[in-house]
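What follows is each chain in one-letter form.
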Amino acid sequence: MAQIQEVKQLTENPYVNLYQVKGTNKKGRPANYFVASRAKHVENLKLKTGENTPDGVVIYSLYGEKHDKIVLIRQYRFSIDDYIYELPAGLVEPGEDYHAAAVRELHEETGLILEPVKADPMFEKPGYTTIGMTDESCATVFGYASGEASLKYMEENEEIEVVLADRTEARRIMREENVAIICAYQLMHFLSEEKPFGFLEI
C-alpha cells in the first residue's frame, strides 16, 4: 500500500486549494501527487481527518403538479469556457445540515422552494466527485420544487439559467449538450422511471 510522508499546502484560497502529497508507492518508490480540496488547511484534508463529511450538496428535484419536470441549471464554467447542464448544487456551510443547505442553495440558484423527501441514507451519503483530482465530496438531496423560477438571488460571479426540463427536453439535453456526469446519471433515472423517485424505494 502507498504511504504518505509529507503534505504541503500550495495555495491559500477561500473555496479551493492545491496540496502536494509526497510519499512512496506500493513498491516503495517515491510518489508525488497533487490534490485539490475545499479544505482551508492541511489538517482539514480528508486524508488527515479520515472523515467523509460533505463539502457540498447536489439537489435532484422534480417540478410541476405531475412531478414530470426536473430542475436543472445551465451554467457557464471557466474550466471549459462554455455552458454545461448541471443539477443545482452548492457548498455546505460550517455547522449546517446538508438538507438545510439543499433548501438554501436551490432557492439561491433558482428561486424555487425545495421540499426534501425522506430517503434511505445510502442514497444521500456523501460521495466523492472526482477522486483522482480532489477529496471533495457531496451529499445528494431529493425533493419536490415549487414556486416561480427567479435569478434575483444569484451571486454576482454566477452565470446561470434555470431549466425546468420535461422528458423530451431531457433527452435532447443528453444527446446534444454538455452535461455534468452527476447530472447525467440522475437524468437517466428521470428518463427511465414513470414513478417519481421510484429508484429510492429499492
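Definitions and cut-offs
- Residues numbered from 1 in each chain as written.
- Predicted model: local features only at pLDDT ≥ 70, side-chain atom pairs only at ≥ 80, totals over all residues.
- Heavy atoms only, no water.
- Domains from an automatic or database assignment.
- Buried area = accessible area lost by both parts, 1.4 Å probe.
- Salt bridge = Lys/Arg side-chain N within 4 Å of Asp/Glu carboxyl O.
- Nonpolar A, V, L, I, M, F, W, Y, C, P; charged D, E, K, R; others polar.
- Helix = DSSP H or I, 4+ residues; strand = E, 2+ residues; numbered from the N terminus.
- Buried < 20%, exposed > 50% of the residue type's maximum accessible area, 1.4 Å probe, protein only.
- UniProt positions renumbered as here; feature names shortened; annotations may be inferred.

Moving on to the domain arrangement of the protein. On domain assignment, one finds that the protein holds domain 1 (3-49) and domain 2 (56-200). Where domain 1 abuts domain 2, roughly 690 Å² becomes buried across the two surfaces, and 42% of that area is made up of carbon and sulfur atoms. Among the residues domain 1 hides against domain 2, the three largest losses belong to Ala36, Arg38 and Lys46. Together they make up 64% of the total. Arginine 38 is paired through a salt bridge with glutamate 136; the nearest N and O atoms lie 2.8 Å apart. Counted by class, the side of domain 1 that touches domain 2 contains 6 nonpolar, 1 polar and 2 charged residues.

Right, let's get into the pattern of salt bridges. Throughout the structure, instances matching the rule amount to 12 salt bridges. The partner of glutamate 93 in a salt bridge is arginine 104, with the nearest N and O atoms 3.9 Å apart. A residue pair is termed long-range when its members are at least 10 positions apart, and glutamate 93 in the loop between strand S7 (89-91) and helix H2 (98-110) and arginine 104 in helix H2 qualify at 11 residues. Across the pair arginine 172 and glutamate 169 runs a salt bridge, and its minimum N-O distance is 2.9 Å. Taken as a pair, arginine 172 and glutamate 169 lie in helix H4 (residues 167-176) at a separation of 3 residues, close to a single helical turn. Judged by relative accessible area, arginine 172 falls into the partly exposed class, the value being 23%. We classify glutamate 169 as partly exposed; its relative accessible area is 24%.

In this numbering, the UniProt entry assigns the feature "domain: Nudix hydrolase" (unreviewed entry) to residues 52-196. With 27% helix and 32% strand, residues 52-196 has end C-alpha atoms that lie 29 Å from one another.

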